[in-house]
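# Observations on chain architecture
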Amino acid sequence: MVWKLKSRSTQGAPEAEAKRNLPVSRGASPVDYANHGNRRAQQLVKEQMAASKERAPERNKDPEESGASETQLTRSLRNLGYGEIYQWLVYKANRQGKAPLLGFFDGLTVLQQIEAIKKMAGTTGKPSLDVFTDKMSTRNNMLFKKTVDWDKFSVACREAKKLRTDDVTADTAGDYAGYAATGGSVALSAGDKLANMAVGAGDVTKGLAQTGAGLSALGAAVQAYQAYDQHSSSLSAFDAVHNIGTEGVAGMADLTRYTAQAASPGSAVGEAVASGAATAVAGAAAIIGGAVYLAGGVAGYRMHDKREKNLSLLQTEADVKDDPMLSRAASIGGETQALNRTKSAATAAKGAAMIVGGALLLAGGPVGWIMIGVAGAISGAAAIYKFLKNRQRREEVVDRYIDLKGHMIASDFKDKDKRSASREKLLGEHGFNSISQCYTQIIAELAFGIYEKAVKGDDPEYRTLLENIGLVVNRKKGEPKPELIAKKLSG
């Protein structure tokens, strides 16, 4: 099934303007442009390119000299004084393989094109070529090679067409703090174990485990805070309990355990065991946290499995009724529930390992620390798995939207490189510079559409959809908001 988002573009230009908006044929030279009544404008372009040779040598060549094929240049744009800017974009698009994306710009009305150019330049009036190129040039690698900021170009074009570009699924500062703390903890803990295997490592690595445990404690604190910060009255009873109970309480137990680990006198297992008080605290905290993780994981597995099946049925019903938005949302929501089911299974396994590890710590011996390390490894593996699956899923969602398979022959579709090249071309034609941009718009359009149907419109099927991604409707408060719908929908 091919997914099509509803374009919320503005109406086209008046008929008189459309008649003036006739494109010049592809492959046209500056002389051809002059024959269309704009000789002076093209002369200015040549003078500008020559004057900026030292400042931006990559802009110096004429499109004809570089072998680039000319894309459409509207007569109205040139007559309104935007010819130089457009020709610069033509030149860059052909040099940098972005002709399909520029083709999306060509499909806008003249008024939308002008609005997009102003957005790119950050001006309210007509920008000069120098101002425009300065605002739209960026560095794309360590060699500081200049390129056009095509992400910015894409956003400006889609905003001018009145399409949503807001990223309602973006990570927060708290998310990044948690990632940094967890990543630092894993790196330092791994460094400690490897270094202690080396002959004569001695005091060089002493303290790495404590630092890693300290970062883990920070990560646990962030987890507990996020459970509080992300709590909402729009969450279902199960999700509210799971959020505060599993994430919050277990996060605090982890914080206590990691703090006790960081307080132990050395990095070696024998030294950690020798600290009786720290070991007792860590053992007790591991059992408490493990019990919460185990219970929450088992309950989560069952709930997410039930929701995934419900959403699969809802998608089938939506297909029968020919409701593409509901079908699309149910499909993405079901995939999210399947991922959450896997995460819950890992959470339960982590809890079981923590309970065993905590009990062994209290009984004495180094095996308890090893089991707690296993629990951490399970959690890390689950996080990596979810990240990779989410990335794969985004690609699949986007491919369905742009109908990638329908635009390729079967043999080419199996070729990863050819599939990637075709995807990039189709994304450009739809106005996107990346998979991420396209996925962001798909989720934003769905979230706001669901909000209109379920919260403002009280549609029973869309309310069922929200219930199966863990949300409840409160029409008086106008909740849940689109931002929360997007996060729960896409995970």
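All values reported here derive from a predicted model rather than from experimental measurement.

Calculation criteria
- Residues numbered from 1 in each chain as written.
- Predicted model: local features only at pLDDT ≥ 70, side-chain atom pairs only at ≥ 80, totals over all residues.
- Heavy atoms only, no water.
- Buried < 20%, exposed > 50% of the residue type's maximum accessible area, 1.4 Å probe, protein only.
- Helix = DSSP H or I, 4+ residues; strand = E, 2+ residues; numbered from the N terminus.
- Arc of directions from axis to C-beta.
- Core = buried A, V, L, I, M, F, W, Y, C linked by side-chain atoms within 4.5 Å.
- Contact = heavy atoms within 4.5 Å.
- pLDDT = per-residue confidence, 0-100.
- Axes fitted to C-alpha atoms, helices over the stretch in contact; angles between N-to-C directions.
- Parallel < 35°, antiparallel > 145°, perpendicular 65-115°, else oblique.
- Left-handed = near helix turned anticlockwise from the far one by under 90°.
- Nonpolar A, V, L, I, M, F, W, Y, C, P; charged D, E, K, R; others polar.
- Phe/Tyr/Trp six-rings, centres within 6.5 Å; stacked < 30°, edge-to-face > 60°.
- Polar contact = N/O pair within 3.5 Å; in protein donor to acceptor, adjacent residues only side chain to side chain.
- Salt bridge = Lys/Arg side-chain N within 4 Å of Asp/Glu carboxyl O.

All right, on to helix α7 (residues 129-136) then. Buried within α7 we find Leu 129, Phe 132, Thr 133 and Met 136. One side of α7 holds all its buried residues, which, seen down the axis, span an arc of 90 degrees.

It is worth spelling out the nonpolar core at this point. Judged by nonpolar contacts, the single largest core of 39 residues is most densely connected at Ile 332, Ile 442, Ile 450, Leu 465, Leu 466 and Leu 489. Of all elements in the fold, only α13 (276-320), α14 (324-363), α15 (367-402), α17 (416-429), α18 (435-456), α19 (460-467) and α20 (482-490) reach the threshold of two or more residues within this core. For this core, the element with the most residues is α18, which contributes 10 residues. Those residues in contact with Leu 465, other than ones at most four positions away along the chain, are Leu 311, Leu 314, Leu 326, Ala 329, Ala 330 and Ile 450.

Should pLDDT be low for a region, the predicted coordinates there are not to be read in detail. Of all residues in the protein chain, 63% have pLDDT values of 70 or greater, and the mean over the chain is 75. Taken element by element, the protein chain is modelled with least confidence in helix α1 (residues 15-20), mean pLDDT 41, and with most confidence in α19, mean pLDDT 96. The model gives residues 4-38 a pLDDT under 50, and that stretch makes 63 contacts with residues more than four places away or in other chains.

Right, let's get into the packing of α15 against α17. Here α15 crosses α17 at 60 degrees, and the two axes come no closer than 10 Å. Judged by the angle between their axes, α15 and α17 are oblique. Crossing hand, α15 versus α17: left-handed. In contact with Glu 395, Val 398, Asp 399 and Ile 402 of α15, α17 contributes Arg 423, Leu 426 and Leu 427. Looking at the contact of α15 with α17, its residues break down into four nonpolar, no polar and three charged.

What the rule picks out here adds up to five aromatic pairs. For the pair Phe 105 and Phe 153, a centre-to-centre distance of 5.9 Å together with 40 degrees between the ring planes defines the contact as tilted. On the criterion of sequence distance, the pair formed by Phe 105 in helix α5 (residues 99-106) and Phe 153 in helix α8 (residues 150-160) is long-range, its members being 48 residues apart. Classification of Phe 105 by relative accessible area gives buried; the value is 0%.

This part covers the side chain of Arg 423. Tracing the backbone shows Arg 423 in helix α17. A polar side-chain atom of Arg 423 sits 2.7 Å from a polar atom in the side chain of Asp 399. Residues within four places of Arg 423 in sequence aside, it is in contact with Glu 395, Asp 399, Ile 402, Leu 404 and Ile 435.

Applying the stated rule across the entire model yields 18 salt bridges. A salt bridge links Lys 162 to Glu 115; the nearest nitrogen and oxygen atoms lie 3.5 Å apart. Here Lys 162 is found in the loop between α8 and α9 (173-197), whereas its partner Glu 115 is found in helix α6 (residues 110-121), with 47 residues between them in sequence. Residue Glu 115 is classed as partly exposed on the basis of its relative accessible area of 28%. Between Glu 461 and Lys 321 there is a salt bridge; the shortest N-O distance is 2.5 Å. Of this pair, Glu 461 sits in helix α19 while Lys 321 sits in the loop between α13 and α14, and the two are 140 residues apart along the sequence. For Glu 461, a relative accessible area of 18% gives the class buried. Exposure remark for Lys 321: the relative accessible area of 56% places this residue in the exposed category. Through salt bridges that share partners, Glu 115, Lys 119, Glu 159 and Lys 162 make up one connected network.

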